[in-house]
Amino acid sequence: MAKEFSAKQIMFISLMLFSMFFGAGNLIFPAFLGQAAGDNLWPSLAGFILSAVGLPILGVIAVAKAGSFHELNTRVHPVFALIFPFIIYVSIGPGLAIPRAGSLAFEMGAAPFLPAEAAGAPAALFIYTAVFFGLVYWLSMSPSKLVDLFGKLLTPIVLTLILVIFVKSLITPIGESGQASGNYGSSPVFQGFLDGYLTMDALAALAFGIVIATAIRSQGVTNEKALSRYMMFAGMGAGLLLTIIYILLGTMGAASASLGTSENGAQILTNIMTSLFGTSGSVILGLVFTLACFCVSIGLVISCSQFFAGAVPRVPYKVWVLILCLASTAVANLGLTQILTVSVPILGMIYPIAIVLIILALVHSFIQNSPYIYVTTVLFTGLFSLADTVNQTFLSEALTPALSYLPLYGEGIGWLVPALLGATVGLVLGKRKPSRVPA
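Residues numbered from 1 in each chain as written. Predicted model: local features only at pLDDT ≥ 70, side-chain atom pairs only at ≥ 80, totals over all residues. Heavy atoms only, no water.

**Brief notes about the overall build of the chain**
At step 1: The helix and strand tally for the chain stands at 21 helices and zero strands.
At step 2: Principal axes of the C-alpha set define a box for the chain whose edges measure 70 × 55 × 40 Å.
At step 3: Here the chain holds 439 residues, and the buried ones make up 53% of them.
At step 4: The contacts of the chain with a sequence gap of at least 6 include a subset with a gap of at least 24, amounting to 81%.
At step 5: As presented, the chain carries roughly 18500 Å² of accessible surface, and 69% of it is formed by carbon and sulfur atoms.
At step 6: Charge separation in the chain, taken as the distance between the mean sites of 17 positive and 14 negative side-chain charges, equals 21 Å. (Helix = DSSP H or I, 4+ residues; strand = E, 2+ residues; numbered from the N terminus. Buried < 20%, exposed > 50% of the residue type's maximum accessible area, 1.4 Å probe, protein only. Contact = heavy atoms within 4.5 Å. Areas by Shrake-Rupley, 256 points an atom, 1.4 Å probe, with all protein chains shown as cover. Lys, Arg positive; Asp, Glu negative; His and termini not counted. Charge placed at Lys NZ, Arg CZ, Asp CG, Glu CD.)

Right, dumping it as structure tokens:
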């Protein structure tokens, strides 16, 4: 008989997943969106929540329905099942997301309290990230203890701090929202949707499936159907928390217009905290950033190490933890600006593929008699994403006049028509040569 989870256990699993999603990017992007969107806050926030919350939840559900991320990728092609997960795990791992968390933790949790010369010195960043990832390494050695560490300790602290900040903003109003700027004025929903890409949570959702499954199994659940059901519950619980936090941060960001325009969400939050709490605001904000970055780094190191240990069995899990922490320390010392510069084009290329893969998994029961639909949809989407990324990164947008003929290209989702075309081709080919995709 399958073990039944209590509501309390599901809550702790949801808190654990929330903390794995909720890093520094999840703090700064809603705040920046709020200020830039101004009086268009709610449509912009709706688009942001759709991609930054909806897609990750659907990603967790997709992995749960497929059985595993590997099984989902195999539906496209065995070669794809080797290449695409590798790109994702490198992107959300030592290549981008983990070093970004370490760099942001330093920028917001340590640098403000150091003398100007020390904060700008490479040695300060190196020492901080070495200690930061040393602690991540230590705590990542026991992934089965994540529920206790995140669900019962770190996540409640982060949520409490954010709630205190929001309540203070109600007691001491920050100001009024301004006018929407840029694309937030002309296409608020689409711009918010694209901003949600930057959290990288849809990619992380595909990768976190293995960690959530391990955590649930460690609680005594062995039945696969029950495992999938509890993974879905955890995804929905984490999504609800993310939605609430994004609304709080977005509304505070919108109210910060009177404090002056800022270049990024980190500066906006700093101004808000100074306005609300004075000099002690930097301490509170630094603690929130540090805890959020710390939780995300542990979750990513564990999920990436488990993936690479499965892909390369000769190298054990604990060795991969060490490798990833050392690599993340090295990349983090390149600096936050450099990391963010590289991350945008890479995310733009792989995010559409991840989205169509999630959608296909969710409608799998309706398309399982079309054996080509996975490969054609992913192929068409991937070719467009590659062309668009090369165009924006290396060709100074020379191909933009041609690509702009695609509907919604200007809104940032030009991949939608190629994806639909690929799905149509797959359905037609499936009718000509019926077969059955593995369930």
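**Structural notes on helix H1 (residues 7-21)**
Every α-helix winds through 3.6 residues per turn, so residues three or four apart in the chain are directed the same way.
At step 1: Between its terminal C-alpha atoms H1 stretches 21 Å, which fits the 21 Å expected from 15 residues at 1.5 Å a residue.
At step 2: Of all 15 residues making up H1, eleven are buried, and the element is well covered by its neighbours. (Expected span 1.5 Å × (residues − 1).)

**Some thoughts on the packing of helix H5 (residues 78-92) against helix H12 (residues 201-217)**
At step 1: One can describe the packing of H5 onto H12 by two numbers: an axis separation of 10 Å at closest approach and a directional angle of 100 degrees. Considering the angle they form, H5 stands roughly perpendicular to H12. Mapping the contact onto sequence places Ile88, Tyr89 and Ile92 in H5 and Leu203, Ala204, Leu206, Ala207 and Ile210 in H12. (Axes fitted to C-alpha atoms, helices over the stretch in contact; angles between N-to-C directions. Parallel < 35°, antiparallel > 145°, perpendicular 65-115°, else oblique.)

**Observations concerning the packing of aromatic side chains**
At step 1: Summed over all chains, the structure comprises 15 aromatic pairs.
At step 2: Residues phenylalanine 48 and tyrosine 246 carry aromatic rings whose centres are separated by 5.0 Å and whose planes lie at 80 degrees to one another, so their mutual orientation is edge-to-face. Placement of phenylalanine 48 in helix H3 (residues 41-66) and of tyrosine 246 in helix H13 (residues 224-255) is noted, with a sequence separation of 198 residues between them. Of the two residues, phenylalanine 48 and tyrosine 246, neither departs from the other in class, the shared state being buried. (Phe/Tyr/Trp six-rings, centres within 6.5 Å; stacked < 30°, edge-to-face > 60°.)

**Topic: a nonpolar patch on the surface**
At step 1: Taken together, the side chains of Val79, Leu82, Ile83, Phe86 and Ile87 present a nonpolar region at the surface, about 460 Å² in accessible area.
At step 2: By the element assignment, phenylalanine 86 lies in helix H5.
At step 3: Take phenylalanine 86: its relative accessible area is 45%, and that puts it in the partly exposed class. (Patch = residues over 30% accessible without salt bridge, like charges linked within 9 Å, V, L, I, M, F, W, Y side chains within 5 Å. Salt bridge = Lys/Arg side-chain N within 4 Å of Asp/Glu carboxyl O.)

**A short note on the environment of glutamate 263**
At step 1: With respect to the element layout, glutamate 263 can be found in the loop between H13 and helix H14 (265-277).
At step 2: Separated by twelve residues in sequence, glutamate 263 and threonine 251 place their C-alpha atoms 18 Å apart.

**With respect to the state of the cysteines**
At step 1: By the definition in use, this model includes zero disulfides.
At step 2: You can see cysteine 293 has no disulfide; the closest cysteine sulfur is in cysteine 295, sitting 9.5 Å from it. (Disulfide = S-S within 2.5 Å.)

**Regarding the environment of glycine 237**
At step 1: Here glycine 237 shows up in helix H13.
At step 2: Glycine 237 sits 223 residues away from serine 14 along the chain, and the two C-alpha atoms are 5.2 Å apart.

**Considerations on the confidence of the model for the chain**
Should pLDDT be low for a region, the predicted coordinates there are not to be read in detail.
At step 1: Summary statistics for the chain give a mean pLDDT of 86 and a share of 95% for residues scoring 70 or more.
At step 2: The least confident element of the chain is helix H7 (residues 116-119), whose mean pLDDT is 77; the most confident is helix H16 (residues 317-332), at 94. (pLDDT = per-residue confidence, 0-100.)

**Observations concerning the packing of helix H2 (residues 24-37) against H3**
At step 1: At a closest axis distance of 9 Å, the pairing of H2 and H3 adopts a crossing angle of 150 degrees. Between H2 and H3, the angle is such that the two are roughly antiparallel. Considering the relative orientation of H2 and H3, their crossing is right-handed. Contact residues: Phe29, Pro30, Leu33, Gly34 and Ala37 in H2; Leu41, Ser44, Leu45 and Phe48 in H3.
At step 2: Residue composition of the contact of H2 with H3, by class: seven nonpolar, two polar and no charged. (Left-handed = near helix turned anticlockwise from the far one by under 90°. Nonpolar A, V, L, I, M, F, W, Y, C, P; charged D, E, K, R; others polar.)

**Describing the nonpolar core**
At step 1: Judged by nonpolar contacts, the single largest core of 149 residues is most densely connected at Phe22 and Ile92.
At step 2: Broken down by element, the residue count for this core peaks at 17 residues, all from helix H15 (residues 280-311).
At step 3: Once residues within four sequence positions are removed from consideration, isoleucine 92 is found in contact with Ala97, Ile98, Met200, Leu203, Ala204, Ala207, Leu300 and Cys304. (Core = buried A, V, L, I, M, F, W, Y, C linked by side-chain atoms within 4.5 Å.)

**Thoughts on the side chain of serine 328**
At step 1: Along the chain, the position of serine 328 falls in helix H16.
At step 2: If we skip the residues at most four places from it in the chain, serine 328 touches Pro94, Ile98, Pro99 and Phe133.

**Digging into unusual backbone geometry**
At step 1: One non-glycine residue, glutamate 397, lies in the positive phi region at around 65 degrees.
At step 2: Mapped onto the fold, glutamate 397 is located in the loop between helix H19 (373-393) and helix H20 (400-403).
At step 3: You can call glutamate 397 partly exposed: its relative accessible area is 45%.
At step 4: Although it is not a glycine, leucine 408 adopts a positive phi angle of roughly 70 degrees.
At step 5: Looking at the secondary structure, you find leucine 408 in the loop between H20 and helix H21 (416-432).

**Some details on H12**
At step 1: Over its 17 residues, H12 runs 23 Å from end to end, which matches the ideal 24 Å to within 8%, given 1.5 Å per residue.
At step 2: The largest bend in H12 comes to about 45 degrees, at alanine 207.
At step 3: A large share of H12 lies buried, amounting to 14 of its 17 residues. (Bend = angle between axes of the 7 residues up to and from the residue.)

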